[in-house]
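# Summary of structural features
The residues making up each chain are set out below.
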Amino acid sequence: MDRRPVDVRDTYDRIAGHFAETREYPWPEVESFVEDAPRSEVALDLGCGNGRHAELLAAHTDRVLACDISRGLLATARSRLSERNIDADLLQGDASAVPLATDSVSLAVYVATLHHLPTGDARLASLDELARVLSTGAPGLVSAWSTAHDRFDAGEGFDTTVDWTLPGGETVPRFYHVYSPDEFESDLAESDLGVRSAFVSSGNCYAVVEGA
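Right, let's walk through the structure included here. (Residues numbered from 1 in each chain as written. Predicted model: local features only at pLDDT ≥ 70, side-chain atom pairs only at ≥ 80, totals over all residues. Heavy atoms only, no water.)

The next point concerns the environment of Ser 40. Tracing the backbone through its elements, the reader meets Ser 40 in strand E1 (residues 40-46). With a relative accessible area of 5%, Ser 40 lands in the buried category. Between the alpha carbons of Ser 40 and Thr 61 there is a distance of 4.7 Å; along the sequence they are 21 residues apart. Once residues lying within four places of it in the same chain are set aside, the contact partners of Ser 40 are His 60, Thr 61, Asp 62, Ser 106 and Leu 107. A distance of 2.8 Å separates polar atoms of two side chains, one belonging to Ser 40 and the other to Thr 61. (Helix = DSSP H or I, 4+ residues; strand = E, 2+ residues; numbered from the N terminus. Buried < 20%, exposed > 50% of the residue type's maximum accessible area, 1.4 Å probe, protein only. Contact = heavy atoms within 4.5 Å. Polar contact = N/O pair within 3.5 Å; in protein donor to acceptor, adjacent residues only side chain to side chain.)

This is how it looks when you write it as structure tokens:
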């Protein structure tokens, strides 16, 4: 049995507190996407981490759902959102098996998470799950780390680990699949999502998508 999905969860449970401290502000690309999107009834932050993008969504929707595989990260999100008097429903779940009903979401962000899923099948399944939970035509934003980043010299996508250094010097390896832009667009095309646009920004692949 492949244990790597459990390893991803355990890794982020282990580093959750320190990781959350380094993720204070939403990404500009996410801010632009959310600000341009129509107000929604239900918004999803898939792979919510410490809730910084759920906080952003709260100003543009009636209800926010924040989902992450890590209980540790969900705890940091709960604390952050509570301190800011933001009401959100926190869900523990795998992005490749989202614990939500079909057509239940009218706006979604799925950023900095796809690249942590350890197999191609799991990554494609997560894109299909995003398509399933999004209402027809509802917008979503997907991102993944890209070979276009300055730290890489690669033309094709590849698997790697990147160490997280905790206070005191302990390192914890984190799994990444680094996408080439072509591979990212190919996975999107193979998925059930509709693709409005795809682009590279700040070393990440992005796509504005919609429920099919």
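Now that the structure has been shown, we can carry on.
This paragraph deals with the side chain of Thr 113. Looking at the secondary structure, you find Thr 113 in the loop between strand E4 (107-110) and helix H5 (120-133). Residue classification places Thr 113 among the buried residues on the basis of a relative accessible area of 13%. A distance of 3.1 Å separates a polar atom in the side chain of Thr 113 from the backbone oxygen of Val 111. Excluding residues that lie within four positions of it along the chain, Thr 113 makes contacts with Leu 46 and Gly 47.

The phi angle at Asn 85 is positive, at roughly 55 degrees, despite the residue not being glycine. For Asn 85, the position within the fold is in the loop between helix H4 (71-83) and strand E3 (89-92). Despite not being glycine, Ala 112 shows a phi value in the positive range, around 55 degrees. Assignment of secondary structure puts Ala 112 in the loop between E4 and H5. Since its relative accessible area comes to 24%, Ala 112 is described here as partly exposed.

Now for the pattern of salt bridges. Scanning the model with the defined rule gives 11 salt bridges in all. Put simply, Glu 170 and Arg 14 hold a salt bridge, and the shortest N to O gap is 2.1 Å. Here Glu 170, found in the loop between strand E6 (158-165) and strand E7 (171-178), pairs with Arg 14, found in helix H1 (residues 4-21); they are 156 residues apart in sequence, far enough to count as distant. The class for Arg 14 is exposed, based on a relative accessible area of 51%. For Glu 129, the salt bridge is made with Arg 132, and the minimal N-O distance between the two is 2.7 Å. With Glu 129 and Arg 132 both in helix H5 and 3 residues apart, the pair spans about one turn of that helix. A single network of salt bridges, built from pairs that share partners, joins Glu 24, Glu 55, Arg 80, Glu 83 and Arg 84. (Salt bridge = Lys/Arg side-chain N within 4 Å of Asp/Glu carboxyl O.)

Bringing helix H6 (residues 181-190) into the picture now. Residues of H6 that are buried include every one of Phe 184, Asp 187 and Leu 188, and no others. Down the axis of H6, the sector holding all buried residues measures 100 degrees, keeping them to one side. Turned more than 90 degrees away from the buried face of H6 sit Asp 182, Ala 189 and Glu 190, all of them exposed. Residues of H6 that are buried make contact with H5, strand E5 (139-145), strand E8 (194-201) and strand E9 (204-210). (Arc of directions from axis to C-beta.)

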